[in-house]
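Observations on the model geometry
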Amino acid sequence: MEKLQAALARAREKRDGEGRPIRTQRGTMSQSRRMARAEALANRWDEIPMFTPSEKRMHEARIYSAEANTDAQYFDILRTKLLLEMRRNDWTRIAITSATAGCGKTTTACNLIAGFGRQLEDRGMLFDLDLRRPSVSKFFGAAPTASLADVFKGEVSYQEQAMRLHRNTAISMTTRVSTDPAQIILSSQTAEILDHVQADYQPDLMLFDMPPVLVSDETRGFLKLVDAVLIVASAESSTVAQVDEVEREVAQYSNVAGVVLNKCRFMDESYGYTY
Ligand SMILES: Nc1ncnc2c1ncn2[C@@H]1O[C@H](COP(=O)(O)OP(=O)(O)OP(=O)(O)O)[C@@H](O)[C@H]1O
Ligand SMILES: [Mg+2]
């Protein structure tokens, strides 16, 4: 109930910031304050530098969702279903993990954030928290001057490190492999910095690309900081027992938002609406 009320209050505040009829002197003042806050927030987002991704690298990495097209349709469906669940449950922080490596977590995360950029009224962030095998930077063919771990160490600010893919989506890439990721990811300073970023930028979505949960201690430890978890399974390699195990593991620390079956070669034609 409290969560629902908080969600309604947030939605009301956002709506109000976009302008409503002015009725009283008191209303005028509070509305102008709200508009000033909304403008300050928009300016804060505008200060995050934009980057131009490599079309070639995105295509090679199967990132199709930056534009509406038939290749993007399954990721668009996933994005919309996730957004509906997030709104229903008042979730903001979503982690993506799997049982083992190579199931398609980064592919899913990058497509989700690319597709989210087409939802112009929402704001989203992607964080590459796979500090052992980072690949978001490779998938977009772009690299910031500082790595995400530098933000968590307090050496650079979020605004200096993140880069915007669209007006309303920002990506924090990891460009240096870390030998002790747990030390960075599980530190109280990292939790505080994420809280500050969330408070300062008020994103609708904070998406975390994580290592596989069954082989990474930092993923388990980090899950308590997120609202829900999307589990990616590979039709080619994940077993039902592994997916069950991940679900049980995740459920100990957070909510399971759903399981994505990736790399499925044999799709019933009726699933494709346009072809
Ligand atoms: N639906 C798909 N069809 C075909 N290939 C795919 C699909 N999804 C991902 N791949 C490919 O599988 C490989 C692994 O994908 P990805 O890097 O997204 O997985 P991951 O779970 O993030 O891996 P890691 O555990 O190493 O971080 C990549 O080469 C990617 O292009
Ligand atoms: Mg990955």
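Below is a short write-up of the structure.

Criteria and cut-off values
- Residues numbered from 1 in each chain as written.
- Chains lettered and ligands numbered in written order.
- Predicted model: local features only at pLDDT ≥ 70, side-chain atom pairs only at ≥ 80, totals over all residues.
- Heavy atoms only, no water.
- Phe/Tyr/Trp six-rings, centres within 6.5 Å; stacked < 30°, edge-to-face > 60°.
- Helix = DSSP H or I, 4+ residues; strand = E, 2+ residues; numbered from the N terminus.
- Buried < 20%, exposed > 50% of the residue type's maximum accessible area, 1.4 Å probe, protein only.
- Expected span 1.5 Å × (residues − 1).
- Arc of directions from axis to C-beta.
- Contact = heavy atoms within 4.5 Å.

**Comments concerning the packing of aromatic side chains**
Enumeration over the complete set of coordinates arrives at 6 aromatic pairs. For the ring pair Phe 51 and Phe 140, a centre distance of 6.0 Å and an interplane angle of 85° mean the geometry is edge-to-face. Of this pair, Phe 51 sits in the loop between α2 (25–46) and α3 (55–60) while Phe 140 sits in helix α6 (residues 136–140), and the two are 89 residues apart along the sequence. Judged on exposure class, the residue Phe 51 and its partner Phe 140 are both buried. Aromatic pair Phe 127 and Phe 208: ring centres 5.0 Å apart, planes at 20°, arrangement stacked. Linking Phe 127 in strand β2 (residues 124–128) with Phe 208 in strand β5 (residues 205–209), this pair joins segments that are 81 residues apart in sequence. Note on Phe 127: relative accessible area 1%, which makes it buried. The structure contains a cluster of three or more aromatic residues connected by ring pairs, namely Trp 45, Phe 127, Tyr 158, Tyr 201, Phe 208 and Phe 222.

**As for unusual backbone geometry**
Positive phi is not limited to glycine here, since Arg 62 has a value of about 60°. If you trace the backbone, Arg 62 turns up in the loop between α3 and α4 (73–89).

**Brief notes about helix α12 (residues 240–253)**
With 14 residues, α12 ought to run about 20 Å at 1.5 Å a step, and its terminal C-alpha atoms sit 21 Å apart, in line with that. Listed as buried for α12 are Val 243, Val 246, Glu 249 and Val 250. For α12, the angular spread of buried residues about the axis comes to 130°, placing them on one side. Looking at α12, the residues exposed on the side facing more than 90 degrees away from the buried face are Val 240, Ala 241, Arg 248, Ala 251 and Gln 252. Contacts made by the buried residues of α12 are with β1 (93–98), α11 (217–222), β6 (228–234) and β7 (255–262).

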